[in-house]
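# A closer look at the structure
What follows is each chain in one-letter form.
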Amino acid sequence: MIKSVIQRCMQFIPVFFGITLLSFGLLYIAPSDPVSVRLSAGGLTADPQIVAQMRAEMGLDAPFLVQYGRWLIRFLQGDMGTSYITDIPVATTFWQALPYTLRIAGSAMALTLLISLPLGIMIAAWHNSRMDYVIRFLTFIGNATPGFIIAIVLMFVFSYRLGWIPVLATTKPIGMILPSATLALVMSSRYIRQIRAAALDELRKDYIIGLRARGISERVILFRNVLKNIMVIVITLIGISVGALLGGTVIIETIFNWPGIGSLIMTAITNRDYPVIQAVVVWMALAFFLVNLIADFSYRYFNPKIKDL
């Protein structure tokens, strides 16, 4: 296990450097100059002498590879730079936003599994029934509906009409309900169809006939045997979704005014705050790597036949 983890980490090193180099290069060739961004944020006139002095102080007069090397060394030491807009260390802003994203990602993922696993397996057991057709139709509608539409509908119903939940999300637990429900409904529409297809394929196998012939109850077959054997597919779905959630759900966090990574990068893009953008890009790469690493090792528990990662 330790050897496999080391191998995966070694494989990620060139990917990490490639991502940082590419993202740094794209920001380097962006039309807006960081000095102009800082001066405009402070309401100052871009005097040529001031611009030249600030470029020298910020190290922007150095060649591209020198700038990248300096940034990378500082980043590996935990220094993500300083925001061009707020003049606050990026690490401070990032670590303040990350817990909110982790909170909403965890709650949305838990709610998605609570909805998707029972419904997906049940309609697989009752395939071609009325319930199967109704749920599949609803998941089709859910897949075709953009997430921001679902968010607006939930806000209209539960905030405006019923008045149960504040219109804009707060840092209190009640503020997590509508963003988490929105993400869960969007993901559940996809999960239910995938779980149904995997469960149907599993139910057609010969060992299911043997279990039924021994008198094993259908509930035990579905939730002990079938569920365990389709968990590899479920873990794959979870890995993809959690990686995306940890990178911040920009639209949902913006709609509900949730102060997570998504809102942070949206504000940074709007203000052309390059150090913040760079930090979030690197975090998204690390998040996908960690989640996929955990998912790959989880395969072994549910399917011992999987030896090589």
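Read on for a plain summary of the structure. In this text the structure is predicted, and so the values were computed from the model without any measurement. (Residues numbered from 1 in each chain as written. Predicted model: local features only at pLDDT ≥ 70, side-chain atom pairs only at ≥ 80, totals over all residues. Heavy atoms only, no water.)

## Digging into the overall build of the protein chain
Broken down by element type, the protein chain carries 14 helices and 0 strands. Counting from the amino terminus, helix and strand elements in the protein chain follow one another as α-α-α-α-α-α-α-α-α-α-α-α-α-α. For the protein chain, the C-alpha atoms occupy an extent of roughly 85 × 55 × 30 Å along the three principal directions. The buried share among the 309 residues of the protein chain stands at 41%. Contacts in the protein chain between residues at least 24 apart in sequence constitute 73% of all its contacts with a sequence separation of at least 6. Between the averaged position of the 25 positive side-chain charges in the protein chain and that of its 15 negative side-chain charges there is a distance of 14 Å. (Helix = DSSP H or I, 4+ residues; strand = E, 2+ residues; numbered from the N terminus. Buried < 20%, exposed > 50% of the residue type's maximum accessible area, 1.4 Å probe, protein only. Contact = heavy atoms within 4.5 Å. Lys, Arg positive; Asp, Glu negative; His and termini not counted. Charge placed at Lys NZ, Arg CZ, Asp CG, Glu CD.)

## Some points on the nonpolar core
Grouped together as the largest cluster of nonpolar side chains are 74 residues, with contacts concentrated most on Ile230 and Ile261. The element that contributes the greatest number of residues to this core is helix α14 (residues 274-302), accounting for 14 residues. (Core = buried A, V, L, I, M, F, W, Y, C linked by side-chain atoms within 4.5 Å.)

## Describing the packing of helix α5 (residues 90-125) against helix α11 (residues 231-246)
For the pair α5 and α11, interaxial distance at closest approach is 10 Å and the crossing angle is 150°. Comparing the axis directions of α5 and α11 gives the class roughly antiparallel. Considering the relative orientation of α5 and α11, their crossing is right-handed. Counted together, Thr101, Leu102, Ala105, Met109, Leu113 and Leu117 of α5 and Val234, Ile238, Ser241, Val242, Leu245 and Leu246 of α11 form the full contact between these two elements. (Axes fitted to C-alpha atoms, helices over the stretch in contact; angles between N-to-C directions. Parallel < 35°, antiparallel > 145°, perpendicular 65-115°, else oblique. Left-handed = near helix turned anticlockwise from the far one by under 90°.)

## Some details on the side chain of Asp132
With respect to the helices and strands, the residue Asp132 is situated in helix α6 (residues 130-144). The exposure class of Asp132 is buried, given its relative accessible area of 0%. Setting aside its immediate chain neighbours within four residues, Asp132 contacts Ile123, Trp126, His127 and Arg196.

## Examining a nonpolar patch on the surface
A cluster of nonpolar side chains, contributed by Phe148, Ile149, Ile152, Val153, Phe156, Val157, Tyr160, Leu162, Trp164 and Ile251, occupies part of the molecular surface with about 1,000 Å² of accessible area. Among the elements that make up the nonpolar patch, the one with the highest residue count is helix α7 (residues 147-161) (7 residues). (Patch = residues over 30% accessible without salt bridge, like charges linked within 9 Å, V, L, I, M, F, W, Y side chains within 5 Å. Areas by Shrake-Rupley, 256 points an atom, 1.4 Å probe, with all protein chains shown as cover. Salt bridge = Lys/Arg side-chain N within 4 Å of Asp/Glu carboxyl O.)

## Let's talk about the layout of surface pockets
One number sums up the size of the second largest pocket: a volume of about 250 Å³. As for the second largest pocket, its lining consists of 13 residues, of which Leu138, Thr139, Gly142, Leu185 and Ser189 are closest to the centre. Taken together, the elements giving at least two residues each to the lining of the second largest pocket come down to α5, α6 and α8 (177-203). Looking at the lining of the second largest pocket, the element that brings in the most residues is α6, giving 5 residues. Considering only residue class, the lining of the second largest pocket consists of 8 nonpolar, 5 polar and no charged. (1 Å grid on protein atoms, 1.4 Å probe; cavity = no way out; pocket = protein on both sides within 12 Å on 5 of 7 lines; lining within 4 Å. Points joined across faces, edges and corners; volume = space filled by probe spheres on them. Nonpolar A, V, L, I, M, F, W, Y, C, P; charged D, E, K, R; others polar.)

## Topic: the packing of helix α9 (residues 206-213) against helix α10 (residues 218-229)
Relative orientation of the contacting elements α9 and α10 amounts to 155°, with a least axis distance of 11 Å. Between α9 and α10, the angle falls in the class roughly antiparallel. As for how α9 packs across α10, the hand of that crossing is right-handed. Facing Tyr207, Ile208, Leu211 and Arg212 of α9, the residues of α10 in contact are Glu218, Ile221, Asn225, Val226 and Asn229. Among the residues making up the contact of α9 with α10, the classes are represented as 5 nonpolar, 2 polar and 2 charged.

## Comments concerning the pattern of salt bridges
A pair can form between side chains of opposite charge whenever their charged atoms are brought close. Applying the stated criterion across every chain yields a total of 4 salt bridges. One salt bridge in this structure joins Lys205 and Glu202, with 3.2 Å as the shortest N-O distance. The exposure class assigned to Lys205 is partly exposed, which follows from its relative accessible area of 37%. With its nearest N and O atoms 2.7 Å apart, the salt bridge here joins Glu218 to Arg212. What makes Arg212 partly exposed here is its relative accessible area of 41%. By sharing partners, the salt bridges in this structure join Asp132, Arg136 and Arg196 into a single network.

## Let's talk about unusual backbone geometry
For Asn128, which is not glycine, the phi dihedral falls at a positive 70°. Within the fold, Asn128 resides in the loop between α5 and α6. We note that Asn257 has phi near 55°; this positive angle belongs to a residue other than glycine. In this fold, Asn257 is placed in the loop between α12 (250-255) and α13 (261-271).

## Some details on the environment of Leu114
Position of Leu114 among the secondary structure elements: in helix α5. The exposed category is assigned to Leu114, whose relative accessible area is 65%.

## Thoughts on the packing of aromatic side chains
Applying the stated criterion across every chain yields a total of 13 aromatic pairs. Taking the centre distance of 5.7 Å and the plane angle of 45° together, the rings of Phe24 and Phe64 count as tilted. Of the two residues, Phe24 is situated in helix α1 (residues 2-28) and Phe64 in helix α4 (residues 64-76); the sequence distance between them amounts to 40 residues. Classification of Phe24 as buried rests on a relative accessible area of 13%. Since its relative accessible area comes to 23%, Phe64 is described here as partly exposed. Consider the rings of Tyr100 and Trp258, whose centres lie 5.8 Å apart with planes at 85°: the pair is edge-to-face. (Phe/Tyr/Trp six-rings, centres within 6.5 Å; stacked < 30°, edge-to-face > 60°.)

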